[in-house]
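Okay, here's what each chain looks like letter by letter:
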Amino acid sequence: MKNIVAIPKVSLHDHLDGGLRPETIIELASERGFDLPANTPDGLSNWFVDSCTNGDLKTYLKTFDLTVSVMQTYEELERVAYEFAMDLAADGIIYGEVRWAPELHTREELSMREAVAAVQNGFDDAVEQLADEGTDLKIGQILCAMRHQQNSLEVARIALEHRDSGVVGFDLAGPEEGFLPELHAKALELLAKNHFPTTIHAGEEGALDSIKSAIFHRALRLGHGTRLAEDLQLDRTNDGDSLVSIGEVADWVLDRDIAVECCPTSNLQTGSSPWGSSISDHPFDIFYQLGLRVTVSTDNRLMSGVTLTSELALLAEAFGYDIDDLVQFQINAALAAFLPVEERLNLATRIEDWRDA
């Protein structure tokens, strides 16, 4: 684990409202007079993990009602973003893309644009402090539109307005079933016309059609993407090896080098792996062996009780990966980041230099 902590890491799929410190929730809830299901950091952490480990995405998403409720003012968002960035740096992350939905944080005094500014200010304060302490961290915001709501076009416009001030990408999040990307075609078309990077949650809850729709709407990355495994046919040989037949959707993802943002523990919690409920059943290793650009992220550190380091350790134990494999996952993420090509290559080189040293 010590060596894994030291790897320079890139995190592509990490939700702001899924990574709060339990202590912060307790403090902010107390200021608001909210009752909590547990009043100690350990008790609250356990409540989140237990509530989310039931094999159902809808129940999993309900826990965000609590975290979002203490992220409704400028000061609350600024604090959460600052602490989030500090926690990324503590886990050895050198570049992180943090996604969140501004429309969920306007119940009181804030507009969506003000919420974006608050989060960016928190990130900037953390990055500046870390730099003073000799730690290099870069963060980009990914603005999510909720696919079961009607705000995607406005969120897309806000993302474009802030493309030079911290926002690097756009995402569709929330329940997949019944809410394919077609419902947000205007927003996705606007982003495409302005050459703005898009990732879409696809293949976490929804079937293969969700992934096909995300690809059709020009997603450069697939959020989770585990059900891409439904487009693979595994046949066991007499000596125990597997022969894999690839369907046209998986073949397209492979040929076009579309990155897959895997979040192993979260995928097991929500039952999104079509092959079984244990980590050994996760399609990650087959994706990797096929040459897909697989990346590793945490999704929601609070809800899953994980860090990026622990997720990498989980995969290493399950599939026998060594440090070179884990470094490759970081290079995959660096090259799939929503950054200019020179910055992506610089990130990858930095990771390779660490490995070679």
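A quick note: this is a predicted structure, and the numbers were derived from the prediction, not measured.

**Considering the sheet that holds strand 10 (residues 294-296)**
At step 1: Pairing in this open sheet of eight strands is parallel, and the strands run 1-2-3-4-5-6-9-10 from one edge to the other. In the strand order of this sheet, the two ends are held by strand 1 (9-15) and strand 10, each with one partner. Ignoring which end each strand starts from, the neighbouring axes of this sheet average 25 degrees apart.
At step 2: The sheet contact formed by strand 6 (residues 221-224) and strand 9 (residues 259-262) spans three bridges and is parallel. Within strand 9, the residue paired with leucine 222 across the bridge is valine 260.
At step 3: Packed on one face of the sheet, helix 17 (residues 341-356) meets strand 1, strand 2 (93-100) and strand 3 (138-146) and runs near 130 degrees to strand 2.

**What about the pattern of salt bridges?**
Where charged atoms of side chains with opposite charge meet at close range, the side chains can pair.
At step 1: Within the structure shown, the criterion is met by 22 salt bridges.
At step 2: For the salt bridge of arginine 32 with glutamate 76, the shortest nitrogen-to-oxygen distance reads 2.8 Å. In this pair, arginine 32 is assigned in helix 2 (residues 22-32) and glutamate 76 in helix 6 (residues 74-90), connecting sequence segments 44 residues apart.
At step 3: Classification of arginine 32 by relative accessible area gives partly exposed; the value is 24%.
At step 4: Across the salt bridge formed by lysine 62 and aspartate 65, the nearest N and O atoms sit 2.9 Å from each other.
At step 5: Residues joined in a network through salt bridges with shared partners are Arg21, Glu27, Arg79, Glu83 and Asp87.

**Quick word on the environment of arginine 21**
At step 1: Within the secondary structure layout, arginine 21 lies in the loop between strand 1 and helix 2.
At step 2: Placed 62 residues apart in sequence, arginine 21 and glutamate 83 show a C-alpha to C-alpha distance of 7.8 Å.
At step 3: Setting aside anything within four residues of it in sequence, one finds arginine 21 in contact with Glu83, Met86 and Asp87.

**A short note on the nonpolar core**
At step 1: Counting residues in each nonpolar core, the largest one holds 108 residues, and the members touching the most others are Leu16, Phe170, Leu228 and Phe287.
At step 2: Leave out the neighbours within four places in its chain, and leucine 228 touches Leu208, Ile211, Val249, Ala250, Val253, Phe287 and Leu292.

**Quick word on the packing of helix 2 against helix 3 (residues 41-52)**
At step 1: For the pair helix 2 and helix 3, interaxial distance at closest approach is 8 Å and the crossing angle is 105 degrees. The angle between helix 2 and helix 3 places the two elements in the roughly perpendicular class. Of helix 3, the residues touching helix 2 (which contributes Pro22, Glu23, Ile25 and Ile26) are Pro41, Leu44, Ser45 and Phe48.
At step 2: Along the lines of polarity and charge, the residues of the contact of helix 2 with helix 3 split into six nonpolar, one polar and one charged.

**A word on the state of the cysteines**
At step 1: Scanning all chains against the criterion turns up zero disulfides.
At step 2: No disulfide involves cysteine 144; its sulfur sits 12 Å from the nearest other cysteine sulfur, which is in cysteine 263.
At step 3: Cysteine cysteine 262 is unpaired, with the sulfur of cysteine 263 as its nearest cysteine sulfur at 7.3 Å.

**Here's the deal with a negative patch on the surface**
At step 1: A grouping of Asp124, Asp125, Glu128, Asp132 and Glu133 is seen on the molecular surface, where their side chains present a negatively charged patch.
At step 2: Position of glutamate 128 relative to the elements: it lies in helix 7 (residues 112-132).

**Re helix 11 (residues 248-255)**
At step 1: Listed in full, the buried residues belonging to helix 11 are Val249, Ala250 and Val253. Seen along its axis, helix 11 keeps its buried residues to an arc of 95 degrees; they face one direction.
At step 2: Next to the buried residues of helix 11 lie helix 10 (208-216), strand 6, strand 7 (232-236), strand 8 (242-246) and strand 9.

**Considering the packing of aromatic side chains**
At step 1: Inspection of every chain in the model, using the stated rule, returns eight aromatic pairs.
At step 2: Between phenylalanine 284 and phenylalanine 329, the aromatic rings sit 5.0 Å apart at their centres with planes inclined by 90 degrees, giving edge-to-face as the arrangement. You can see phenylalanine 284 sitting in helix 13 (residues 284-290) and its partner phenylalanine 329 sitting in helix 16 (residues 323-336), a full 45 residues away along the chain.
At step 3: Taking the centre distance of 4.8 Å and the plane angle of 75 degrees together, the rings of tyrosine 288 and phenylalanine 329 count as edge-to-face. Taken together, the residues tyrosine 288 in helix 13 and phenylalanine 329 in helix 16 connect sequence positions 41 residues apart.
At step 4: Aromatic rings pair up to connect Phe284, Tyr288, Phe319, Tyr321 and Phe329 into one cluster.
At step 5: Looking at arginine 256, its charged tip hangs above the ring of tryptophan 252, at a distance of 3.9 Å from the centre.
At step 6: The lysine or arginine in question, arginine 301, covers the ring of phenylalanine 84, its NZ or CZ lying 4.2 Å from the ring centre.

**Some thoughts on the packing of helix 6 against helix 7**
At step 1: Their axes nearest at 7 Å, the elements helix 6 and helix 7 cross at an angle of 40 degrees. With respect to helix 7, the element helix 6 is oriented oblique. The hand of the helix 6/helix 7 crossing is right-handed. Residue-level contacts link Tyr74, Leu77, Glu78, Ala81, Tyr82, Ala85, Met86 and Ala89 of helix 6 to Glu114, Ala115, Ala117, Ala118, Val119, Asn121, Gly122, Phe123, Asp125, Ala126, Gln129 and Leu130 of helix 7.
At step 2: The residue inventory of the contact of helix 6 with helix 7, partitioned by class, reads 14 nonpolar, three polar and three charged.

The rules behind the values
Residues numbered from 1 in each chain as written. Predicted model: local features only at pLDDT ≥ 70, side-chain atom pairs only at ≥ 80, totals over all residues. Heavy atoms only, no water. Pairing = 2+ DSSP bridges. Helix = DSSP H or I, 4+ residues; strand = E, 2+ residues; numbered from the N terminus. Axes fitted to C-alpha atoms, helices over the stretch in contact; angles between N-to-C directions. Contact = heavy atoms within 4.5 Å. Salt bridge = Lys/Arg side-chain N within 4 Å of Asp/Glu carboxyl O. Buried < 20%, exposed > 50% of the residue type's maximum accessible area, 1.4 Å probe, protein only. Core = buried A, V, L, I, M, F, W, Y, C linked by side-chain atoms within 4.5 Å. Parallel < 35°, antiparallel > 145°, perpendicular 65-115°, else oblique. Nonpolar A, V, L, I, M, F, W, Y, C, P; charged D, E, K, R; others polar. Disulfide = S-S within 2.5 Å. Patch = residues over 30% accessible without salt bridge, like charges linked within 9 Å, V, L, I, M, F, W, Y side chains within 5 Å. Areas by Shrake-Rupley, 256 points an atom, 1.4 Å probe, with all protein chains shown as cover. Lys, Arg positive; Asp, Glu negative; His and termini not counted. Charge placed at Lys NZ, Arg CZ, Asp CG, Glu CD. Arc of directions from axis to C-beta. Phe/Tyr/Trp six-rings, centres within 6.5 Å; stacked < 30°, edge-to-face > 60°. Lys NZ or Arg CZ within 6 Å of the ring centre and 35° of its normal. Left-handed = near helix turned anticlockwise from the far one by under 90°.

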